[in-house]
Amino acid sequence: MCGRFTLTVDAEQLALAFGLVEIPNGWQPRYNIAPTQPVLGVREVENRKGEWMRWGLIPSWAKDSTIGNRLINARAETLAVRPTFRSAFASRRCLVLADGFYEWQSTGGKSPSQPFLFRLKDGAPFAFAGLWDVWRASTGETVLSCTLITCPANPLVGEIHERMPVILDREECWEWLEAHTLSHLMNFLRPYPPEKMEVIPVSRAVNDPTLDAPICIQPV
DNA sequence: CCAGACGTTGTT
DNA sequence: GTCTGG
DNA sequence: CCAGACGTTGTT
DNA sequence: GTCTGG
């Protein structure tokens, strides 16, 4: 799955890499992005505008927002049939920008889990395939939120964990937003080529979801 | 029909 | 053990 | 994902 | 909103 990730590049690099015309206010490099926090998403090919989204999908029908704390991932295999994701898959897809993600290797329950950082070998930023929705609170406040799609792990990630997030590289990511047929969309939902990725065991500092600092990506 | 759920992960 | 919050 | 909380009452 | 279970 994917329960933590990074976006460490600076705003100019990011805008250049994806051809973004706008990066929202408050952007800063992130070393430990955790569920419920704001992530940088893009919803439309036409304007290529980065937007803040809360990580953890809150469907429009939700009575309260706490369901979003659990819907941080959506399984690629069942997206098209689950009532919670079906309409978002058809019409509310997004990119979530990143340049790395963490997976934990279970240590059998005793000591804290060992985290591993996965990145592209060239260090380039990439996009996760995501879904978004807008939820309206009884107060009238609206929340734009998103979830990350997961698929079976490739052999590299599989050493650590059974599943991984769907990664779209910069060349293909816009097609994810534009595609219309189900079969075309499903083509994107496969494990990323392991030969383009690297894995680095990192400090357990990243285990603390409130710690967001370069030590999180420090090799050990 | 209405009422109630709607999700993933890991672990056992 | 299980749920919530980040 | 991991870390940390997990409860009620009355009183200030 | 949409699906499932009774």
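To be clear, the structure that these remarks concern was listed above.
What counts, and where the lines are drawn
Residues numbered from 1 in each chain as written. Chains lettered and ligands numbered in written order. Predicted model: local features only at pLDDT ≥ 70, side-chain atom pairs only at ≥ 80, totals over all residues. Heavy atoms only, no water. Helix = DSSP H or I, 4+ residues; strand = E, 2+ residues; numbered from the N terminus. Rg over C-alpha atoms; globule rule 2.2 N^0.38 Å. Buried < 20%, exposed > 50% of the residue type's maximum accessible area, 1.4 Å probe, protein only. Contact = heavy atoms within 4.5 Å. Pairing = 2+ DSSP bridges. Axes fitted to C-alpha atoms, helices over the stretch in contact; angles between N-to-C directions. Near = heavy atom within 4 Å. Polar contact = N/O pair within 3.5 Å; in protein donor to acceptor, adjacent residues only side chain to side chain. Nonpolar A, V, L, I, M, F, W, Y, C, P; charged D, E, K, R; others polar. Arc of directions from axis to C-beta.

Undergrad: Would you mind going over the overall build of chain A with me for this structure?
TA: Within chain A, the secondary structure is distributed over five helices and 13 strands. Expected size for 220 residues packed as a compact globule is a radius of gyration near 17 Å; at 17 Å, chain A falls within 12% of this value. Along the first, second and third principal axes, the C-alpha set of chain A runs to 45 × 35 × 35 Å. Among the 220 residues that make up chain A, the fraction classed as buried is 50%. Sequence-distant contacts, at least 24 apart, represent 67% of the contacts inside chain A between residues at least 6 apart.

Undergrad: Looking at this structure, how should I read the sheet that holds strand β2 (residues 30–33)?
TA: Note: strands within a sheet are paired through backbone hydrogen bonds, in either parallel or antiparallel orientation. With antiparallel pairing, the five strands of this open sheet are ordered in space as β2-β1-β7-β8-β13. Each edge of the open sheet is held by one strand with a lone partner, namely β2 and β13 (197–201). Neighbour-to-neighbour, the strand axes of this sheet turn through a mean angle of 25°, independent of strand direction.

Undergrad: I'm lost on the pairing of strand β7 (residues 100–105) in this one. Help?
TA: Remark: a regular strand shows side chains that alternate across the two faces of the sheet. Where strand β1 (residues 5–7) meets β7, two bridges bridge the pair, whose relative direction is antiparallel. Considered in β7, the bridge of F5 is made with F101. Looking at chain direction, β7 and strand β8 (residues 114–120) are connected through five bridges and run antiparallel. In the strand pairing of β8, Y102 is matched with L117.

Undergrad: Would you explain the protein's contact with DNA strand D in this entry?
TA: All residues in the neighbourhood of DNA strand D are listed as M1, G3, R4, P35, I72, W104, S113, N207, D208 and P209. Here, DNA strand D places atoms within 4 Å of the protein, and 76% of those atoms are sugar or phosphate. Between DNA strand D and R4, the relevant distance is 2.7 Å, taken from a base oxygen to a side-chain nitrogen or oxygen of the residue. Here a sugar or linking oxygen of DNA strand D sits 3.0 Å away from a polar atom, N or O, in the main chain of N207. In the surface near DNA strand D, the residues fall into five nonpolar, three polar and two charged.

Undergrad: Would you take a moment to explain the environment of E159 for this structure?
TA: Among the secondary structure elements, E159 is positioned in the loop between α3 (155–158) and β11 (163–165). Under the relative-accessibility criterion, E159 is labelled exposed at 61%. Residues E159 and Q105, spaced 54 residues apart in sequence, show a C-alpha to C-alpha distance of 8.7 Å.

Undergrad: Sorry, what's going on with the environment of W61 here?
TA: The topology assignment puts W61 in the loop between β4 (50–55) and β5 (73–75). Residue classification places W61 among the exposed residues on the basis of a relative accessible area of 52%. Put simply, W61 and A74 are 13 residues apart on the chain and 17 Å apart in space, counted from C-alpha to C-alpha. Other than its neighbours up to four places away in sequence, W61 contacts I67 and T84.

Undergrad: Hey, could you run me through helix α1 (residues 11–18) in this one?
TA: Because an α-helix packs 3.6 residues into every turn, residues spaced three or four apart end up facing the same way. Residues of α1 that are buried include every one of L14, A15 and F18, and no others. The arc enclosing the buried residues of α1, seen along the axis, measures out at 95°, which places them on a common side. Away from its buried face by more than 90 degrees, α1 exposes E12 and L16. Tucked inside the fold, the buried residues of α1 contact β1, β3 (38–42), β6 (93–98), β9 (126–136) and α4 (173–178). Structurally, the start of α1 carries an N-cap: the backbone nitrogen of E12 is 3.1 Å from a side-chain oxygen of D10. At the exit of α1 stands G19, carrying a positive phi of roughly 65°.

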